[in-house]
Amino acid sequence: MKFYGEILIFSMLLLTNGRILFLKRAKKDAIVMLAPLALLLSVLQIIAWGVDFFTICAFIISVLVVLSNFHALFRYSQRLYIDHYSVLMKVWAAFTIVFAFVALSGLIVFSRVNLNTKKTNVVETKYRLDGSFKSGFYKTSLFSIPDVQITEFTKTPNQNHKKVVVVIPDKRCDTEYLKPYLFMLARAGFTVYSGDFYTNDCKWLDSVWNSKYFRRFSLLIEDFANHNRFVSHKEMYTYNSMLECKAMYDFVREKNGEDCKMFLISDMMSKNAVEDFCKLNPEAIFGSLDLSSISEYRTAGYGCIEQTDPLLARFLSHKKDREFSAPKKMVLETSKQIKSAMGN
């Protein structure tokens with residue numbers, strides 16, 4: 001849906017400013033109303049999917065197109081006719097047309113590789129919760145924005161599971177960017193839970209940058225801008241991840257029963273927290289694995305970006321992988337580790 005939404009926005013922007021090439025007679029400039037509509041849709045894309053390179057491009061170009069068409073919007077609102085466009089308008093239009101075309105081309109070239117989830121026979125169930133680590137969590141109301149989203153991947157929904165896999169993602173990827181691995185792990189026969197927390201009492205970044213809309217993108221920028229400074233916050237990452245471990249532990253036991261046993265999986269930022277949490281709860285946790293220890297996981301900390309974010313993968317010198325080579329090998333290694341921990 002995100003991909004098609006961005007295709008629609010860039011197409012609307014191209015049509016809006018591309019209209020200057022086709023004016024042959026005085027007319028009402030109704031097409032100009034696509035400009036504010038595209039801006040609205042770009043904001044909705046950010047609300048729905050968060051900030052990334054292409055949602056930022058869509059928003060910036062939409063703002064530029066609205067500003068460059070301000071006079072045309074005013075004339076249309078007054079029901080006046082357009083018989084020509086100014087030189088400045090044509091220059092702005094040419095610039096935004098090129099900008100939108102390049103962004104649209106990049107969006108298509110670096111589109112994500114979608115896994116055919118129907119063939120996996122895996123059911124994805126999302127649990128949306130409100131609350132905080134301090135006060136606890138409860139089911140969110142229908143129209144509110146949740147503080148937590150926990151996703152279950154399983155072949156056997158609506159059942160209590162005695163042994164499950166719990167994933168504590170790195171905050172530079174979250175569940176969305178690990179989905180090829182999570183779906184394939186569930187297809188291998190495991191019930192998997194992965195949680196994304198955006199509570200006010202767990203700060204990964206300052207101010208608005210800690211919100212669900214900006215956090216991943218902001219952490220990526222901080223990582224690439226000054227990696228040494230980024231890794232120096234290891235103690236904070238461990239503390240925050242410990243809170244998430246405890247919340248996931250409580251959620252899984254509440255859903256599946258007190259006798260449910262767990263295998264915990266970490267990824268870079270959550271590695272130390274998962275190791276410490278396993279030592280504190282040996283009666284309920286039968287093993288753990290850090291994804292970054294799997295050699296085939298070449299984009300550790302960022303998720304399966306060779307499928308879910310090919311542009312970031314290219315930035316890190318990795319190619320788009322349509323064969324899901326890395327996730328398949330990651331699942332094989334994870335399965336071995338889980339079965340070994342189970343004593344099979």
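Small disclaimer: the values here were computed from a predicted structure and weren't measured.

## Quick look at the overall build of the protein chain
So, step 1. Secondary structure assignment for the protein chain yields 14 helices and seven strands.
So, step 2. Its C-alpha atoms give the protein chain principal-axis dimensions of roughly 80 × 45 × 40 Å.
So, step 3. Taking all 344 residues of the protein chain together, 49% fall into the buried category.
So, step 4. Sequence-distant contacts in the protein chain: of pairs separated by 6 or more residues, those separated by 24 or more amount to 75%.
So, step 5. Per element, the accessible surface of the protein chain, about 17,600 Å² overall, is 60% carbon and sulfur.
So, step 6. Across the protein chain, 44 positive and 33 negative side-chain charges occur, with their mean positions spaced 9 Å apart.

## Regarding the packing of helix 10 (residues 234-256) against helix 11 (residues 271-280)
So, step 1. Helix 11 packs onto helix 10 with a crossing angle of 50° between their chain directions and a minimal axis gap of 8 Å. Our classification of the angle between helix 10 and helix 11 gives oblique. Crossing of helix 10 against helix 11: the hand is right-handed. Residues K234, T238, S241, M242, C245, K246 and Y249 of helix 10 form the contact with helix 11, whose own contacting residues are N272, A273, V274, D276, F277 and L280.
So, step 2. The residue inventory of the contact of helix 10 with helix 11, partitioned by class, reads seven nonpolar, three polar and three charged.

## Re the environment of H318
So, step 1. Relative to the assigned elements, H318 resides in the loop between helix 13 (310-315) and helix 14 (325-342).
So, step 2. Owing to a relative accessible area of 17%, H318 belongs among the buried residues under this scheme.
So, step 3. Once the C-alpha coordinates of H318 and R298 are considered, the two residues, 20 residues apart in sequence, prove to be 8.5 Å apart.
So, step 4. Residue contacts for H318: discarding those within four places in its chain leaves R298, T299, E306 and A313.

## Remarks on the pairing of strand 4 (residues 163-168)
So, step 1. In terms of burial, strand 4 is a largely internal element, five of the six residues being buried.
So, step 2. By the bridge criterion, six bridges tie strand 4 to strand 6 (residues 261-266) in an arrangement that is parallel. When the sheet's bridge partners are listed, V165 is paired in strand 6 with F263.
So, step 3. In this structure, strand 4 lies alongside strand 5 (residues 192-197), joined through three bridges in parallel fashion. For V166, the partnering residue across the bridge sits in strand 5 and is Y193.

## A closer look at the pattern of salt bridges
So, step 1. By the definition in use, this model includes 17 salt bridges.
So, step 2. Notably, a salt bridge pairs K162 with D259, separated by 3.0 Å at the nearest N-O pair. Taken together, the residues span a long stretch of sequence, with K162 in the loop between strand 3 (148-154) and strand 4 and D259 in the loop between helix 10 and strand 6 at a distance of 97 residues.
So, step 3. Note on D259: relative accessible area 41%, which makes it partly exposed.
So, step 4. The salt bridge involving R172 is made with D170; its shortest N-O contact spans 2.9 Å.
So, step 5. In this structure, a network of salt bridges that share partners links the residues R112, E124, E176 and K179.

## A few points about the packing of helix 7 (residues 179-187) against helix 14
So, step 1. For the pair helix 7 and helix 14, the least separation of the axes is 9 Å and the interaxial angle reads 50°. Considering the angle they form, helix 7 stands oblique to helix 14. The chirality of how helix 7 crosses helix 14 is right-handed. For the pair helix 7 and helix 14, contact is made by P180, Y181, M184 and L185 and by P327, K328, M330, V331, T334 and S335, respectively.
So, step 2. Residues belonging to the contact of helix 7 with helix 14 are distributed by class as follows: seven nonpolar, two polar and one charged.

## As for the nonpolar core
So, step 1. One finds V166, V252 and L264 to be the most contacted residues of the largest nonpolar core, which totals 30 residues.
So, step 2. Of all the secondary-structure elements, those providing two or more residues to this core are strand 3, strand 4, strand 5, helix 10, strand 6 and helix 11.
So, step 3. Top element by residues in this core is helix 10. It accounts for seven residues.
So, step 4. Not counting residues up to four positions away in its chain, the partners in contact with V166 are Y193, M248, V252, M262, F263, L264 and I265.
So, step 5. Ranked by size, the runner-up nonpolar core spans 29 residues in total, among them Y181, L182, F183 and M184.

## Description of the pairing of strand 5
So, step 1. Of all six residues in strand 5, six are buried; the element is thus mostly enclosed.
So, step 2. Judged by which residues are buried, strand 5 turns out to be covered on both faces: V192, S194 and D196 on one side and Y193, G195 and F197 on the other are all buried.
So, step 3. Here strand 3 pairs with strand 5 via six bridges, running antiparallel. By the bridge assignment, E152 is partnered in strand 5 with Y193.

What counts, and where the lines are drawn
Residues numbered from 1 in each chain as written. Predicted model: local features only at pLDDT ≥ 70, side-chain atom pairs only at ≥ 80, totals over all residues. Heavy atoms only, no water. Helix = DSSP H or I, 4+ residues; strand = E, 2+ residues; numbered from the N terminus. Buried < 20%, exposed > 50% of the residue type's maximum accessible area, 1.4 Å probe, protein only. Contact = heavy atoms within 4.5 Å. Areas by Shrake-Rupley, 256 points an atom, 1.4 Å probe, with all protein chains shown as cover. Lys, Arg positive; Asp, Glu negative; His and termini not counted. Charge placed at Lys NZ, Arg CZ, Asp CG, Glu CD. Axes fitted to C-alpha atoms, helices over the stretch in contact; angles between N-to-C directions. Parallel < 35°, antiparallel > 145°, perpendicular 65-115°, else oblique. Left-handed = near helix turned anticlockwise from the far one by under 90°. Nonpolar A, V, L, I, M, F, W, Y, C, P; charged D, E, K, R; others polar. Pairing = 2+ DSSP bridges. Salt bridge = Lys/Arg side-chain N within 4 Å of Asp/Glu carboxyl O. Core = buried A, V, L, I, M, F, W, Y, C linked by side-chain atoms within 4.5 Å.

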